[in-house]
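Chain by chain, the residues:
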Amino acid sequence: MKRFHHDDYPSVRPSQAQRAPKDVHEGNRSGNSRDAAVTGYQAQSVIGKVSNEAFLKPGHAFSYTALFIFTVLLYARPGEFYPSPITASIALAVGLITLAFFLPTQLVLESRLSAPLREVNFVLLFGLLGMLSIPLAINRFEAWHEFSGTFIRCIVMFVVIVNVVRTEARLKGLLFLALVSAVWLSIDAINEYRLGLLTIDGYRAAGKGGGIFGNTNDMALHVVTIFPIAVALLFGSRGLARRLLFGGCAAVMIAAIILSYSRGAFLGLVVVSIFLAMKLGRRRRLEISLAVLGITAAVILFAPDKYGSRLLSIFFPSLDPGGSASERRGELFRSIYVALRHPFLGIGMGNYQPEMSYKGLVTHNSYTQVASEMGLAALVCYTAFIVSPLRKLARIARDTFAAPDYSRFYYLALGLQGSLIAYMISSFFLSVSYNWYVFYLVGYAVCLRRLYEAKTGKLVVVEEKRSERKSNLLRPSPIESEAGAVRA
């Protein structure tokens with residue numbers, strides 16, 4: 001497996017308008033670059049107080065190895081392509097082995113089953129609300145089946161991920177797997193288009209198998225959420241060969257999203273591209289401009305037939321010959337109505353499609369799926385589960401912008417922000433709230449934050465006390481400080 005090194009990431013070069021204060025640069029020249037990076041103006045305004053919780057004890061080597069193998073099986077799905085009693089149960093067996101390693105090791109290391117993380121609290125409360133919805137469900141068997149299947153496994157493995165990934169190499173290993181899976185799916189979609197094997201509606205590339213990537217839209221969702229990570233690695237890598245590699249990965253992902261004809265994935269791609277351009281374009285305006293022009297030209301030249309009319313059907317459902325846009329709009333309003341009529345614990349997990357839909361369809365919206373089936377409190381937990389790490393990633397990005405020694409955290413923070421944003425946009429058109437996608441993405445974000453806190457020894461906090469906000473407002477900006485030094 002390819003290993004990543006800190007030197008793969010070039011130093012972030014702040015612009016003249018956002019240059020770090022003089023003491024930071026003097027610290028870099030004197031050799032105390034790490035101390036200087038975290039004591040500069042921007043670092044002081046972002047990082048919280050020193051805490052023992054920021055430090056990660058070494059351990060969980062066997063747990064991580066089992067988790068890595070489990071993730072490989074999750075993406076490869078051998079039971080779908082090589083059916084047998086062994087391949088059908090191998091992922092479950094590896095998952096149980098992972099827990100067998102994780103539980104005693106975690107208790108020995110920290111004397112508790114999980115680190116005290118806000119995201120863990122949100123996901124456990126989310127699971128509790130799902131369990132409480134079962135006795136009150138319209139169809140209790142269906143609710144139990146949904147709860148005890150993939151959903152509970154996602155929650156358990158999320159807790160494992162955020163506790164087991166204790167080094168940057170481990171996080172890069174999981175990100176590498178996600179990148180490889182997205183590229184593999186993209187190349188397969190491109191190959192299907194080349195061969196004319198467009199089995200979905202006669203013009204769309206299909207997903208693979210019948211599991212996590214079996215649906216075309218689900219496949220596109222995974223690809224669009226990994227696309228920002230490829231872009232972050234592209235801009236954060238040293239050397240032409242590495243940049244060409246990650247640039248090629250990003251290009252084939254864009255092609256796969258287009259060939260999937262997924263409207264939600266396309267909107268997610270547009271929004272996240274704008275986000276990344278705004279963040280990365282501050283230092284590489286020429287490169288970003290050329291990339292945007294190249295991508296736009298490629299879409300215009302190579303977009304397949306019916307693509308434009310399908311995208312416009314988002315706003316004009318009559319342009320969709322299959323009528324799926326009208327059906328989804330109807331299910332959206334229907335699921336909102338059900339959520340308002342059952343605001344506390346919903347109608348039960350998995351109950352909307354068989355019990356409430358007029359046409360036997362899912363909500364095609366993750367947010368109304370949670371609200372209608374689990375209640376409004378569950379929707380709050382689900383949303384907070386995504387937004388909480390997103391805000392802290394933004395804080396890390398602001399902190400490390402002017403800290404050259406922490407450039408790797410800057411680029412990965414931007415990439416994972418983009419991944420969560422892409423998920424939030426695209427999942428508005430898909431019922432995937434009980435599936436693996438968001439749990440892995442939030443897990444990556446939490447792990448990056450914990451690694452950053454362990455590196456600096458300080459907690460990343462979003463909230464500031466009123467006195468701290470006032471002092472930050474009164475503190476002169478880096479530009480003002482430099483101007484005063486020049487005048488002196």
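Cut-offs and rules
- Residues numbered from 1 in each chain as written.
- Predicted model: local features only at pLDDT ≥ 70, side-chain atom pairs only at ≥ 80, totals over all residues.
- Heavy atoms only, no water.
- Helix = DSSP H or I, 4+ residues; strand = E, 2+ residues; numbered from the N terminus.
- Buried < 20%, exposed > 50% of the residue type's maximum accessible area, 1.4 Å probe, protein only.
- Contact = heavy atoms within 4.5 Å.
- Areas by Shrake-Rupley, 256 points an atom, 1.4 Å probe, with all protein chains shown as cover.
- Core = buried A, V, L, I, M, F, W, Y, C linked by side-chain atoms within 4.5 Å.
- Polar contact = N/O pair within 3.5 Å; in protein donor to acceptor, adjacent residues only side chain to side chain.
- Expected span 1.5 Å × (residues − 1).
- Axes fitted to C-alpha atoms, helices over the stretch in contact; angles between N-to-C directions.
- Left-handed = near helix turned anticlockwise from the far one by under 90°.
- Nonpolar A, V, L, I, M, F, W, Y, C, P; charged D, E, K, R; others polar.
- pLDDT = per-residue confidence, 0-100.
- Patch = residues over 30% accessible without salt bridge, like charges linked within 9 Å, V, L, I, M, F, W, Y side chains within 5 Å.
- Salt bridge = Lys/Arg side-chain N within 4 Å of Asp/Glu carboxyl O.
- Phe/Tyr/Trp six-rings, centres within 6.5 Å; stacked < 30°, edge-to-face > 60°.
- Parallel < 35°, antiparallel > 145°, perpendicular 65-115°, else oblique.

**Q** Sorry if this is basic, but what is going on with the overall build of the chain here?
**A** The number of helices and strands found in the chain is 22 helices and 2 strands. By the burial criterion, 51% of the 488 residues in the chain qualify as buried. A separation threshold of at least 6 residues defines the contact pool for the chain, and within that pool the share at least 24 residues apart is 80%. A total accessible area of about 22200 Å² is found for the chain, and carbon and sulfur atoms account for 65% of it.

**Q** I tried to follow the nonpolar core on my own but got confused; where do I start?
**A** Soluble globular proteins tend to bury their nonpolar side chains together. Counting residues in each nonpolar core, the largest one holds 117 residues, and the members touching the most others are Phe158, Leu179, Met253, Tyr423, Tyr440 and Tyr444. Here this core gets 14 residues from one element, more than from any other, and that element is helix H20 (residues 436–456). Apart from residues lying up to four places away in sequence, Tyr423 is in contact with Leu221, Thr225, Ser366, Tyr382, Ile386, Val432, Ser433, Tyr437, Val438 and Leu441.

**Q** Sorry if this is basic, but what is going on with the side chain of Ser372 here?
**A** Tracing the backbone through its elements, the reader meets Ser372 in helix H17 (residues 366–374). There is a polar contact of 3.4 Å between the side chain of Ser372 and the backbone oxygen of Gln369. In this view, Ser372 contacts Ser335, Val338, Ala339, Gly346, Ile347, Tyr352 and Thr363; residues no more than four positions away in its chain are not counted.

**Q** Honestly, helix H19 (residues 407–426) in this entry has me stumped. Any pointers?
**A** For an α-helix, 3.6 residues make a turn, and residues three or four places apart therefore share a direction. Between its terminal C-alpha atoms H19 stretches 29 Å, which fits the 28 Å expected from 20 residues at 1.5 Å a residue. With respect to burial, H19 is a largely interior element, 18 of its 20 residues being buried.

**Q** Would you take a moment to explain the packing of helix H4 (residues 61–76) against H20 for this structure?
**A** Helices that pack against each other are described as a pair by the angle of their axes relative to one another and the distance between those axes. It is the contact of H4 with H20, at a shortest axis distance of 13 Å, that shows an interaxial angle of 145°. Where H4 crosses over H20, the two elements pack in a sense that is left-handed. For the pair H4 and H20, the contacting residues are Leu67, Phe70, Thr71, Leu74 and Tyr75 in the first and Trp436, Tyr440 and Tyr444 in the second. Its residues placed into classes, the contact of H4 with H20 shows 7 nonpolar, 1 polar and no charged.

**Q** I keep staring at the side chain of Thr363 and nothing clicks. Help me out?
**A** Relative to the assigned elements, Thr363 resides in the loop between helix H16 (352–356) and H17. At 2.9 Å, the side chain of Thr363 and the backbone oxygen of Asn365 are in polar contact. Among the polar contacts listed, one links the side chain of Thr363 to the side chain of Ser431, at a separation of 2.9 Å. The contacts of Thr363, once residues within four sequence positions are left out, are Glu331, Leu332, Ser335, Tyr352, Thr368, Gln369, Ser372 and Ser431.

**Q** Sorry if this is basic, but what is going on with unusual backbone geometry here?
**A** A positive phi angle, near 65°, is found at His60, a position not held by glycine. Inspection of the secondary structure puts His60 in the loop between strand E1 (47–50) and H4. A residue is classified by how much of its surface remains accessible, and His60, at 2% relative accessible area, is buried. Positive phi is not limited to glycine here, since Ser111 has a value of about 60°.

**Q** Explain the confidence of the model for the chain here, please?
**A** Caution applies to low-pLDDT parts of the model: their predicted coordinates are not meant to be read in detail. For the chain, the average pLDDT comes to 80, and 74% of its residues sit at 70 or higher. When pLDDT is averaged over each element of the chain, helix H7 (residues 118–132) comes out on top at 95 and helix H1 (residues 22–29) at the bottom at 39. This model gives residues 465–469 a pLDDT under 50, and the stretch forms 2 contacts once residues within four places in sequence are excluded.

**Q** Hey, could you run me through a nonpolar patch on the surface in this one?
**A** Together, Leu125, Leu128, Met131 and Leu132 give the surface a local cluster of nonpolar side chains, amounting to about 320 Å² of exposed area. Relative to the helices and strands, Leu132 resides in helix H7.

**Q** Explain the packing of aromatic side chains to me, please; I cannot follow it from the model alone.
**A** Within a pair of aromatic rings, the relevant descriptors are the distance that separates the centres and the angle that separates the planes. Within the structure shown, the criterion is met by 20 aromatic pairs. Aromatic side chains Phe385 and Phe439 sit 5.7 Å apart centroid to centroid with 45° between the ring planes, which places their arrangement in the tilted category. Placement of the pair is Phe385 in helix H18 (residues 376–400) and Phe439 in helix H20, with a sequence separation of 54 residues. By the burial criterion, Phe385 is buried, and Phe439 matches it.

**Q** Would you take a moment to explain the environment of Ala88 for this structure?
**A** Mapping Ala88 onto the fold places it in helix H6 (residues 85–110). Taking C-alpha positions, Ala88 is 8.8 Å from Arg77, a pair spaced 11 residues apart along the chain.

**Q** Before we go on, may I ask you to explain the environment of Val156 in this structure?
**A** As for its placement among the helices and strands, Val156 is situated in helix H8 (residues 140–164). It is 8.8 Å that separates the C-alpha atoms of Val156 and Leu99, two residues lying 57 residues apart in sequence.

**Q** Honestly, the packing of helix H9 (residues 168–195) against helix H10 (residues 216–236) in this entry has me stumped. Any pointers?
**A** Where H9 meets H10, the axes come as close as 9 Å, and the angle between the chain directions of the two elements is 120°. By the angle class used here, H9 and H10 are oblique. Relative to H10, H9 is oriented so that their crossing is left-handed. Residues Leu175, Ala178, Leu179, Ser181, Ala182, Leu185, Ser186 and Ala189 of H9 pack against Met219, His222, Val223, Ile226, Ile229, Ala230 and Leu233 of H10. Of the residues in the contact of H9 with H10, the class split is 12 nonpolar, 3 polar and no charged.

**Q** How should the environment of Thr225 be read in this particular structure?
**A** For Thr225, the position within the fold is in helix H10. Exposure remark for Thr225: the relative accessible area of 2% places this residue in the buried category. For the pair Thr225 and Leu416, spaced 191 residues apart in sequence, the C-alpha to C-alpha distance is 8.6 Å. For Thr225, the residues in contact, after removing those within four places along its chain, are Ser419, Ala422, Tyr423 and Leu441.

**Q** Got a minute to help me understand the pattern of salt bridges in this structure?
**A** Where charged atoms of side chains with opposite charge meet at close range, the side chains can pair. For the coordinates displayed, the defined rule picks out 5 salt bridges. When the shortest N-O distance is used, the salt bridge between Arg166 and Glu110 registers 2.7 Å. With Arg166 in the loop between H8 and H9 and Glu110 in helix H6, this pair connects stretches of sequence that are 56 residues apart. Between Arg449 and Glu119 there is a salt bridge, with its nearest N and O atoms 2.9 Å apart. You can see Arg449 sitting in helix H20 and its partner Glu119 sitting in helix H7, a full 330 residues away along the chain. The pair formed by Arg449 and Glu119 is uniform in burial state, with each residue classed as buried.

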